[in-house]
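Take a look at the letters that make up each chain.
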Amino acid sequence: MKLRIFTEPQQGATYDELLTVARTAERLGFDAFFRSDHYQRIGDGDPGPGSTDAWITLAGLARETSTIRLGTLVTPTTFRLPGPLAISVAQVDQMSGGRVELGLGTGWYDGEHAAYGIPFPPTAERFGRFEEQLEIIKGLWAAEKSYSHDGTYYRVVDSPALPKPAQRPGPPIIVGGFGAKRTPRLAATYADEYNVPFHTVEETATAFERVRRAAQETGRDVLMSAAQTVCVGRDQAELERRAAAVGTPLDELREGGLAGTPAEVLEKIGAFGSLGAERIYLQVMDLGDLEHLELIAAEVLPHV
């Protein structure tokens, strides 16, 4: 089981704050540093300095870290055209020495699209664009010569398919979600990893099984993972303090996330592991609480 740190900078974080968390996670031995890809705070509260661009952030981190893997969970297809996105990810992969992973999704938060003038098509069209983007990005990275695509939403004509990423045939692609029909098929067809974010162990088991059945039809191996909000404390007082900083009642975090003492959190991680999850993304909401990462690294990480 690999533990990865997952941040939500749209809730208010500067690049320097993210750099500090990424370097701390690297020093402590976490497998990866991931961030969401949003342009606006979700929900009420102080937006702080606002969000930052995901791939500009990861480009900077690529040069200021050396071993930790880097990625998005997930980049919306609505934000970027497939060709330029393939170029950006390939370049960041080169800059990192081959440490990048691309989480890709349909996009869902219509408010941020309206706020920054980004078109937000209906759900069916977003899924159609999502599938074509997956095909085009993988095609551009893998092409030995030129690459073309003539689809419903995108037309690519004799692209030189450059630059190439450091990882060949390309960085791992992560598809996430809980959809019962389209998501399993897309994950089984295009993804290297399937992620279930913020669901119970029982719900995650159902989603994993759907993708496994779809993968039997495509003949591909897909790694399974889960994302969970994390809140670890040595005692009740520490837990209550961390839950208050997140703004979520501790009981809710225990029920719907990874919250409790190190032993309690390890037990729940083990439940996800029994389903076949090979990676857990620990959603860390209070980026200033580096002692939280230290505690997880000392009391949880060595035992998974």
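The structure this text deals with has already been given above.
Before going into details, it helps to say that this report is about the structure given with it. The shown structure was predicted, so the numbers you read here are calculated from the model rather than taken from an experiment.

1. A look at the pattern of salt bridges
- With the rule as written, the count across this model stands at 17 salt bridges.
- Of the charged contacts in the structure, one is a salt bridge between Arg-4 and Asp-31, with a shortest N-O distance of 2.7 Å. With Arg-4 in strand E1 (residues 2-7) and Asp-31 in the loop between helix H1 (15-28) and strand E2 (32-35), the pair connects residues that are 27 residues apart, well separated along the chain.
- Judged by its relative accessible area of 0%, Arg-4 falls in the buried class.
- For Glu-101, the salt bridge goes to Arg-279, with nearest N and O atoms at 3.7 Å. A residue pair is termed long-range when its members are at least 10 positions apart, and Glu-101 in strand E5 (residues 100-105) and Arg-279 in strand E12 (residues 277-284) qualify at 178 residues. The pair formed by Glu-101 and Arg-279 is uniform in burial state, with each residue classed as buried.

2. Regarding empty space enclosed by the protein
- Enumeration over the complete set of coordinates arrives at one cavity of 30 Å³ or more.
- As a volume, the largest cavity reaches approximately 60 Å³.
- Surrounding the largest cavity, Val-230, Cys-231, Arg-242, Ala-245, Val-246, Gln-283, Val-284, Met-285, Asp-286, Asp-289 and His-292 form its lining.
- When contributions to the lining of the largest cavity are tallied by element, the ones reaching two or more residues are strand E10 (223-232), helix H8 (236-246) and E12.
- Broken down by element, the residue count for the lining of the largest cavity peaks at three residues, all from H8.
- Looking at the lining of the largest cavity, its residues break down into six nonpolar, two polar and three charged.

3. Digging into the layout of surface pockets
- By volume, the largest pocket is sized at about 650 Å³.
- If you trace the largest pocket, you find 28 residues lining it, with Leu-73, Val-74, Trp-108, Gly-177 and Pro-197 closest to the centre.
- For the lining of the largest pocket, the secondary structure elements donating two or more residues are E5, helix H5 (123-142), strand E8 (173-176) and strand E9 (193-197).
- Of the residues in the lining of the largest pocket, the class split is 13 nonpolar, 13 polar and two charged.

4. Remarks on the packing of aromatic side chains
- What the rule picks out here adds up to six aromatic pairs.
- The interplanar angle of 80 degrees and the centroid separation of 5.1 Å between the aromatic rings of Phe-34 and Tyr-281 together place this pair among those described as edge-to-face. Separated by 247 residues along the polypeptide, Phe-34 in strand E2 and Tyr-281 in strand E12 bring together distant segments of the chain.
- The exposure class of Phe-34 is buried, given its relative accessible area of 0%.
- Residue classification places Tyr-281 among the buried residues on the basis of a relative accessible area of 0%.
- Taken together, a centroid distance of 4.6 Å and an interplanar angle of 20 degrees make the contact between Tyr-39 and Phe-79 stacked. With a gap of 40 residues between them, Tyr-39 in the loop between E2 and helix H2 (54-64) and Phe-79 in the loop between strand E4 (75-76) and helix H3 (82-96) connect regions that are remote in the sequence.
- Overall, the relative accessible area of 13% leaves Phe-79 in the buried class.
- Members of the aromatic cluster, connected to one another through ring pairs, are Tyr-39, Phe-79 and Tyr-116.

5. Digging into the packing of H1 against H2
- Two elements in contact, H1 and H2, have axes whose closest approach is 11 Å; the angle formed by their N-to-C orientations is 45 degrees. It follows from the interaxial angle that H1 and H2 lie oblique. Considering only the axes of H1 and H2, their crossing is right-handed. Touching Tyr-15, Leu-18, Leu-19, Ala-22 and Arg-23 of H1 are Thr-57, Gly-60, Leu-61 and Glu-64, all from H2.
- Along the lines of polarity and charge, the residues of the contact of H1 with H2 split into five nonpolar, two polar and two charged.

6. Section: the environment of Leu-19
- Mapped onto the secondary structure, Leu-19 falls in helix H1.
- For Leu-19, a relative accessible area of 8% translates into the label buried.
- C-alpha of Leu-19 to C-alpha of Leu-266: the two residues are 247 residues apart in sequence and 27 Å apart in space.
- The residues contacting Leu-19, other than those within four sequence positions of it, are Leu-61 and Glu-64.

About the thresholds
Residues numbered from 1 in each chain as written. Predicted model: local features only at pLDDT ≥ 70, side-chain atom pairs only at ≥ 80, totals over all residues. Heavy atoms only, no water. Salt bridge = Lys/Arg side-chain N within 4 Å of Asp/Glu carboxyl O. Helix = DSSP H or I, 4+ residues; strand = E, 2+ residues; numbered from the N terminus. Buried < 20%, exposed > 50% of the residue type's maximum accessible area, 1.4 Å probe, protein only. 1 Å grid on protein atoms, 1.4 Å probe; cavity = no way out; pocket = protein on both sides within 12 Å on 5 of 7 lines; lining within 4 Å. Points joined across faces, edges and corners; volume = space filled by probe spheres on them. Nonpolar A, V, L, I, M, F, W, Y, C, P; charged D, E, K, R; others polar. Phe/Tyr/Trp six-rings, centres within 6.5 Å; stacked < 30°, edge-to-face > 60°. Axes fitted to C-alpha atoms, helices over the stretch in contact; angles between N-to-C directions. Parallel < 35°, antiparallel > 145°, perpendicular 65-115°, else oblique. Left-handed = near helix turned anticlockwise from the far one by under 90°. Contact = heavy atoms within 4.5 Å.

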